[in-house]
Amino acid sequence: MRSQQLRLGFILFTGFVALGISGCQSNAQSNSQAGGAPQPPTVQVAAVEQRDVSLTNEWIATMDGYVNSQIQSHVSGYLIRQNYREGSAVRKGELLFEIDPRPFQATLDQSLAQLAQAQAQVLQSQAQLAKAAQDVARDSPLAEAKAIAQSEMDNDLQAKAGAEAAVTAAQAAVTAAKAAVEQAQLNLSFTKITSMVDGVAGIAQAMIGDLVATTTVLTSVSQVDPIKVYFPMSEQDYLHAQKIRATGKEGEALPLQGVPLTLLLADGSVYPHPGKVLWIDRQVDPSTGTIRVAAAFPNSGNILRPGEYGRVRAVTEMRHNALIVPQSAVTELQGSFQVALVGRDNKVKIQTVQVGSQVGSDWVVTQGVNPGDRVMVGGMQYARTGATVNPEPVSNSAGGGR
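Nothing here was measured: the structure is a model prediction, and the numbers come from that model.

Trainee: I'd love a proper account of the overall build of the protein chain, names of residues and values included.
Mentor: Looking only at helices and strands, one finds 4 helices and 20 strands in the protein chain. For the protein chain, the residues scored as buried account for 32% of the 402 residues in total. Considering only intrachain contacts with a sequence separation of at least 6, the fraction spanning at least 24 residues in the protein chain is 76%. Working note: accessible area of the protein chain is about 23800 Å², and carbon and sulfur atoms make up 53% of it.

The structure is reproduced here in structure tokens:
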């Protein structure tokens, strides 16, 4: 019995040893088949381009009417009619509101009656003057011949002078009465309130039946074609553009006057019509360090409205022979910028660079690279100085981190 157990144990031990030897042989065979060093990782690279680029700036913009007209009444009275649809386009001279004209018509009628009385008084005074002149003409020869007393002649002369004064006073009264008539007619015309400009009329601020005064704002009309756009430009941006323009240093700063402007709307879309700068404010706001710029954009469809926000973009500099690399190739580390260069020997070198402005999805690099250098844009986890990689060229537009 004991001998059988020993025999069985020997057989099991012999099997384990055989399996171990077989495994070692299999591992040795697989290692021999793999043989050699591991393959270098594949990374994506893009060539540093050299081309002329236009550098742009953007500013937050606010839209306003080119002309904003507050509609107010020139007379006080009860509002009896609204003649326009709120939010609609109106033309200059179009009737917007009407005030009860009856009190003003009564005043006009009274003024016309007073004018008629003054004119009648003029006729009467002229008749008295004519009679006094006849008396003087008749009595003058008699007074010279001592046929009548001198006192009678003096009375005639005094009567004539009084008649002349009465005529002058009556004529002055006619002038005053005419002025009162004109004022009454003007006030009557003011009961019809019209738009002063072409534009879009706002919501009415007074209701039918309200007693409106000359200080009451009834509504507003804004001329929105073209529409005015305001944006604050930093003092640094303004001075930079002016300095390059004045000295003619590297790059060509375009003057703000005449520079085409692009408007980006709140939804991110680009407004299809370019604008232009109208004027620049006379001073820099000391509280914000910005200078206010006004621009105008065509708005034939009244799409843009006062109060909207957007962004104004303008080309402020042309950079010749600029070195361009994709943004995905540039990394920032503690305030410095770096790129991973891949040399002709496919070895990686981490290079510190100086960057300028962003141009779309690219960076303008001012120092640290040369035209044609290969920079890594994908497989950045392998970006270590001295590492060997397998570069896969991609275009700048297709470059992106992986």
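Now that the structure has been shown, we can carry on.
Trainee: Quick rundown of the packing of aromatic side chains? Include the residues and the values.
Mentor: All told, the structure shown has 5 aromatic pairs when counted by the stated rule. Ring centres 5.3 Å apart and planes at 25° place the aromatic pair Trp59 and Phe231 in the stacked group. Of this pair, Trp59 sits in strand β2 (residues 49-72) while Phe231 sits in strand β9 (residues 217-234), and the two are 172 residues apart along the sequence. For the cation-ring pair, Arg292 lies above Tyr230, with the distance from its terminal atom to the ring centre recorded as 3.8 Å.

Trainee: Any details on the environment of Val48? Residues and values, ideally.
Mentor: As for its placement among the helices and strands, Val48 is situated in the loop between β1 (42-47) and β2. The class for Val48 is buried, based on a relative accessible area of 5%. Spatially, the C-alpha atoms of Val48 and Asn370 are 6.9 Å apart, while their sequence positions differ by 322 residues. The contacts of Val48, once residues within four sequence positions are left out, are Leu323, Ile324, Val325, Val369, Asn370, Pro371, Gly372, Asp373 and Val375.

Trainee: For helix α2 (residues 102-144), give the residues involved together with the corresponding values.
Mentor: Spanning 43 residues, α2 covers 63 Å between terminal C-alpha atoms, matching the ideal 63 Å at 1.5 Å per step. Within α2, the axis deviates most sharply at Arg138, by approximately 25°, and proline Pro141 lies no more than four positions further along. Of the positions making up α2, those classed as buried are Phe104, Leu108, Ser111, Leu115, Ala118, Val122, Ser125, Ala132, Asp135, Val136, Asp139 and Ala143. Looking at the buried side of α2, the elements it contacts are β5 (95-99) and α3 (150-189).

Trainee: How would you explain the nonpolar core if you had to name every residue and give the values?
Mentor: Within the largest apolar cluster, 27 residues are counted, with the highest numbers of intra-cluster contacts made by Tyr84, Leu96, Phe97, Ile99, Ile193, Leu218 and Val221. Contributions of two or more residues to this core are made by β5, α2, α3 and β9. Ranked by residue count, the leading element in this core is α3, at 6 residues. Beyond its immediate sequence surroundings of up to four residues, Phe97 is in contact with Leu79, Arg81, Gln82, Asn83, Tyr84, Thr191, Lys192, Ile193, Ala204, Leu218 and Thr219. In terms of nonpolar packing, the next biggest core, distinct from the first, is built from 21 residues, Ile227, Phe231, Val293 and Phe297 among them.

Trainee: If you had to explain the sheet that holds strand β8 (residues 211-212) to someone new, which residues and values would you point to?
Mentor: Taking strand neighbours across the sheet as the criterion, the 4 strands line up as β6-β5-β3-β8 in an open arrangement whose pairing is antiparallel. Edge positions in the open sheet fall to β6 (192-194) and β8, since each of these has one partner strand only. Pairing analysis gives 3 bridges linking strand β3 (residues 77-82) to β5, with the strands arranged antiparallel. Directly across from Arg81, in β5, lies its bridge partner Glu98.

Trainee: Tell me about the pattern of salt bridges, residues and numbers included.
Mentor: For the structure on display, the rule yields 8 salt bridges. With a closest N to O distance of 3.2 Å, Glu98 and Arg81 form a salt bridge. Of the two residues, Glu98 sits in strand β5 while Arg81 sits in strand β3, which places them 17 residues apart along the sequence. For Glu98, a relative accessible area of 11% puts it in the buried group. Here the salt bridges do not stand alone but share partners, grouping Glu49, Arg51 and Asp362 into one network.

Trainee: Can you tell me about the layout of surface pockets, naming the residues and giving the values?
Mentor: Approximately 180 Å³ is the volume attributed to the largest pocket. Looking at the lining of the largest pocket, the elements with two or more residues in it are β2 and β6. Looking at the lining of the largest pocket residue by residue, the class counts come to 4 nonpolar, 6 polar and 1 charged.

Trainee: An account of the packing of α2 against α3 is requested, with residue identities and associated values reported.
Mentor: Remark: α2 packs on α3, axes separated minimally by 7 Å, with the N-to-C direction vectors making an angle of 165°. Taken together, α2 and α3 sit at an angle that is classed as roughly antiparallel. Seen along the crossing, α2 lies across α3 with a hand that is left-handed. Here the contact of α2 with α3 is built from residues that sort into 25 nonpolar, 14 polar and 7 charged.

Rules of the game
Residues numbered from 1 in each chain as written. Predicted model: local features only at pLDDT ≥ 70, side-chain atom pairs only at ≥ 80, totals over all residues. Heavy atoms only, no water. Helix = DSSP H or I, 4+ residues; strand = E, 2+ residues; numbered from the N terminus. Buried < 20%, exposed > 50% of the residue type's maximum accessible area, 1.4 Å probe, protein only. Contact = heavy atoms within 4.5 Å. Areas by Shrake-Rupley, 256 points an atom, 1.4 Å probe, with all protein chains shown as cover. Phe/Tyr/Trp six-rings, centres within 6.5 Å; stacked < 30°, edge-to-face > 60°. Lys NZ or Arg CZ within 6 Å of the ring centre and 35° of its normal. Expected span 1.5 Å × (residues − 1). Bend = angle between axes of the 7 residues up to and from the residue. Core = buried A, V, L, I, M, F, W, Y, C linked by side-chain atoms within 4.5 Å. Pairing = 2+ DSSP bridges. Salt bridge = Lys/Arg side-chain N within 4 Å of Asp/Glu carboxyl O. 1 Å grid on protein atoms, 1.4 Å probe; cavity = no way out; pocket = protein on both sides within 12 Å on 5 of 7 lines; lining within 4 Å. Points joined across faces, edges and corners; volume = space filled by probe spheres on them. Nonpolar A, V, L, I, M, F, W, Y, C, P; charged D, E, K, R; others polar. Axes fitted to C-alpha atoms, helices over the stretch in contact; angles between N-to-C directions. Parallel < 35°, antiparallel > 145°, perpendicular 65-115°, else oblique. Left-handed = near helix turned anticlockwise from the far one by under 90°.

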